[in-house]
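# Coordinates in review
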Amino acid sequence: MLYGYGTVILQGTLTTINLAVLSVTIAIGIGLGVACCKLFAPGWARMLASLYTTLIRGVPDLVLMLLIFYGIQSLFNEVTGLLQTEIVNIDPFSAGVLTLGFIYGAYFAETFRGAFMMVPKGQLESGLAFGFSPWQVFRLILFPQMMRHALPGIGNNWQITLKATALVSIIGLADLVHATQAAGKATYQFLTFSLLAAAIYLMLTTISNLLLRYLERRYSIGIKQYSI
Amino acid sequence: MIDIIKEYGQAFLWTDGYQFTGIAVTLFLLVITLVFGFILSIPLAVGRLSKNRFIALPIWLFSYVFRGTPFFVQLLVIYTGIYTLGFVRESDFLDWFFSSGYRCALLALVLNTTAYTIEIFAGAIRSLPHGEIEAAKAYGFSGYKLYRCIVLPAALRQALPAYSNEVILVLHATSLVFTVTVPDILKVARDANSATYQSFAAFGTAALIYLALSFILVALFNRAEKRWLAHLRPMETSTKTNPDRLASI
């Protein structure tokens, strides 16, 4: 039915999912660190963190991807040239994961920062008054409540990252778009295969939507829902 | 970096000697997309909230599909996909339309931004205070006049912060159009990269240009917010806890 390209496309889909999951994991790590820097760290680290989020979010993800991917490769080449060692080729998958994680870390940082600030200050103060150490206040009071506020933003960013993985085919990764375009080229059925790619992405976003709604309901147990 | 700017500076700005390139093309795409997207999404946002399911459901579906798929895939469907259809190549108008990368890119950009803007505007209309609309109805406003005089002015103001975000995203989305042969900023950077192999300088220049454009847009929208959301000024303290506002860079 798919002119024998079913397995290739399935593999591409799996690559896309892998890529999205791994890069979101990295992005969440970076985002948490940067958000904490922005809120609690001394001046210079705060400035560095603001610089990172502002610069990254002001530049299109594709431009950053090309900049990091080709730029770092040429940097590597220069270094290996200087050291007279063998050329190191960055493998596209890890480059893609790291690049996406680095870019979307900035978006996650803003989500987490907003969520941290939504936790009422009085709770932190009363935590300290009850003799919690600052770390305990962070771990037991601030963080769990922050996660609830951050969940819609995390879901949003997850979908944005998932859709942004479509761009890695431009730097030569065999993801879903790459697979469907290859199939389209071979069979001259561009429309069918591009629409198939769109349908698969739509399916993935729909599934994550449903999952997210479930999680949101779960994490706001005991919190009064307000409807808009 | 300096030799790249020397050699490709003009191409980055407006022309490579044969055609428009670089910032000129990117801004052209941005402006046209925003104008069409804005005009289309106002009636569609109203329709999206219509009680008539035959109006609301198709609009929701359109918006959902375009928000649920990557812009790159939409661009590929429109540029490489549709042109493979026989009847498109046989019809004079469709053949003319879909044979150009510019027109395909614009179509994809307009459809994409319309999908997101519908949701932004519909959300803003939905969040209007009930009393405002009731009062308008009590004064005898209805239908078109209710929307023109009461609902839309208030809702569009409300939507301004989210809309400014969307404008930045459209600017960022335009960086994909080089894949359909439109010579925008990133296309010039790629040309510079393949001619000189100075990847970092070439793409770095493009990144700096996009950054500057983003900052200019953010500054413009900040001024617009000061002007049109002046009545919300006392609530300024709440911007700190509003992630939507934070996300607008």
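Conventions adopted
- Residues numbered from 1 in each chain as written.
- Chains lettered and ligands numbered in written order.
- Predicted model: local features only at pLDDT ≥ 70, side-chain atom pairs only at ≥ 80, totals over all residues.
- Helix = DSSP H or I, 4+ residues; strand = E, 2+ residues; numbered from the N terminus.
- Buried ≥ 20, exposed ≤ 12 C-beta atoms within 10 Å, placed from the backbone.
- Contact = placed C-beta atoms within 7 Å.
- pLDDT = per-residue confidence, 0-100.
- Nonpolar A, V, L, I, M, F, W, Y, C, P; charged D, E, K, R; others polar.
- Core = buried A, V, L, I, M, F, W, Y, C linked by C-beta atoms within 7 Å.
- Axes fitted to C-alpha atoms, helices over the stretch in contact; angles between N-to-C directions.
- Parallel < 35°, antiparallel > 145°, perpendicular 65-115°, else oblique.
- Left-handed = near helix turned anticlockwise from the far one by under 90°.
- Expected span 1.5 Å × (residues − 1).

## Focus on the overall build of chain A
Summing up its helical and strand segments, chain A has eight helices and zero strands in all. Put simply, chain A runs from its N terminus to its C terminus through helices and strands in the order α-α-α-α-α-α-α-α. Here the C-alpha coordinates of chain A stretch approximately 70 × 55 × 25 Å along the principal axes. Out of the 228 residues belonging to chain A, those deemed buried represent 39%. Relative to all contacts within chain A whose residues are 6 or more apart in sequence, the contacts with residues 24 or more apart total 76%.

## Details of the overall build of chain B
Looking only at helices and strands, one finds twelve helices and zero strands in chain B. Helices (α) and strands (β) of chain B occur, in sequence order from the N terminus, as α-α-α-α-α-α-α-α-α-α-α-α. For chain B, with 249 residues in total, the buried portion stands at 38%.

## Comments concerning the confidence of the model for chain B
All names here are of chain B. Per-residue pLDDT for chain B has a mean of 83; in total, 90% of the residues score no lower than 70. Helix H12 (residues 243-246) is the least confidently modelled element of chain B, averaging 46 in pLDDT, while helix H2 (residues 23-48) averages 91, the highest of any element. Considering only residues more than four positions removed or in separate chains, one finds that residues 235-240, a stretch of pLDDT under 50, has two contacts. Across residues 242-249 the pLDDT falls below 50, and counting only partners more than four positions away or on other chains, this stretch makes 23 contacts in the model. Interface confidence for the predicted complex, given as ipTM, is 0.82, next to a pTM of 0.83.

## Section: the interface of chain A and chain B
As a measure of interface size, the accessible area lost when the parts come together is often cited. Taken together, the contact between chain A and chain B spans 42 residues of the former and 38 residues of the latter. Elements with a minimum of two residues in the side of chain A that touches chain B: helix H2 (43-58), helix H3 (61-83), helix H4 (92-118), helix H6 (134-164), helix H7 (176-187) and helix H8 (190-219) of chain A. The residue inventory of the side of chain A that touches chain B, partitioned by class, reads 25 nonpolar, twelve polar and five charged.

## Comments concerning the nonpolar core
Grouped together as the largest cluster of nonpolar side chains are 117 residues, with contacts concentrated most on Val63(A) and Phe203(B). With 14 residues, the single largest contributor to this core is helix H7 (residues 101-126) of chain B. When near neighbours in sequence (up to four residues on either side) are disregarded, Val63(A) contacts Ser175(B), Leu186(B), Phe203(B), Ala206(B), Ala207(B) and Tyr210(B).

## Let's talk about the environment of Ile78(B)
Tracing the sequence through the fold places Ile78(B) in helix H4 (residues 71-81). Along the chain, Ile78(B) and Ala108(B) lie 30 residues apart, while their C-alpha atoms are 6.9 Å from each other.

## Describing the packing of helix H10 (residues 185-196) of chain B against helix H11 (residues 199-228) of chain B
All names here are of chain B. Between H10 and H11, the shortest axis-to-axis distance is 8 Å and the interhelical angle comes to 165°. It follows from the interaxial angle that H10 and H11 lie roughly antiparallel. You can see that H10 and H11 cross each other, and the crossing is right-handed. Within the contact between the two elements, H10 uses Ile 185, Leu 186, Ala 189, Ala 192, Asn 193 and Thr 196 and H11 uses Ser 199, Ala 202, Phe 203, Thr 205, Ala 206, Ile 209 and Tyr 210. For the contact of H10 with H11, the residue count by class is nine nonpolar, four polar and no charged.

## Quick look at H3(A)
Helix length check: H3(A), at 23 residues, gives a terminal C-alpha distance of 32 Å against a target of 33 Å (1.5 Å per residue), a fit within 8%. All of the buried residues in H3(A) are Asp61(A), Leu62(A), Val63(A), Leu64(A), Met65(A), Leu66(A), Leu67(A), Ile68(A), Phe69(A), Tyr70(A) and Gly71(A). Each element contacted by the buried residues of H3(A) is listed here: H2, H4 and H6 of chain A together with helix H9 (143-173), H10 and H11 of chain B. Phi turns positive, to about 60°, at Gln84(A), one or two residues after H3(A).

## Remarks on the packing of H4(A) against H6(A)
For any two helices packed against each other, one specifies the inter-axial angle together with the distance between the axes. All names here are of chain A. One way to put it is that H4 packs onto H6 with a least axis distance of 8 Å and a crossing angle of 150°. By the angle between their directions, the pair H4 and H6 is classed as roughly antiparallel. Here H4 runs over H6; the crossing is right-handed. On the side of H4, the interface is formed by Leu 100, Tyr 104, Tyr 107, Phe 108, Thr 111, Phe 112, Gly 114, Ala 115, Phe 116 and Met 118, while H6 contributes Leu 142, Met 146, His 149, Ala 150, Gly 153, Ile 154, Asn 157, Ile 160, Thr 161 and Ala 164. A breakdown of the residues in the contact of H4 with H6 according to their chemical character gives 14 nonpolar, six polar and no charged.

## Regarding the environment of Thr165(A)
All names here are of chain A. Among the structural elements, Thr 165 can be located in the loop between H6 and H7. Assessed through the 28 C-beta atoms surrounding it within 10 Å, Thr 165 is described here as buried. Residues Thr 165 and Val 63, spaced 102 residues apart in sequence, show a C-alpha to C-alpha distance of 14 Å. For Thr 165, the residues in contact, after removing those within four places along its chain, are Thr 16, Leu 19, Ala 20, Leu 100 and Asp 175.

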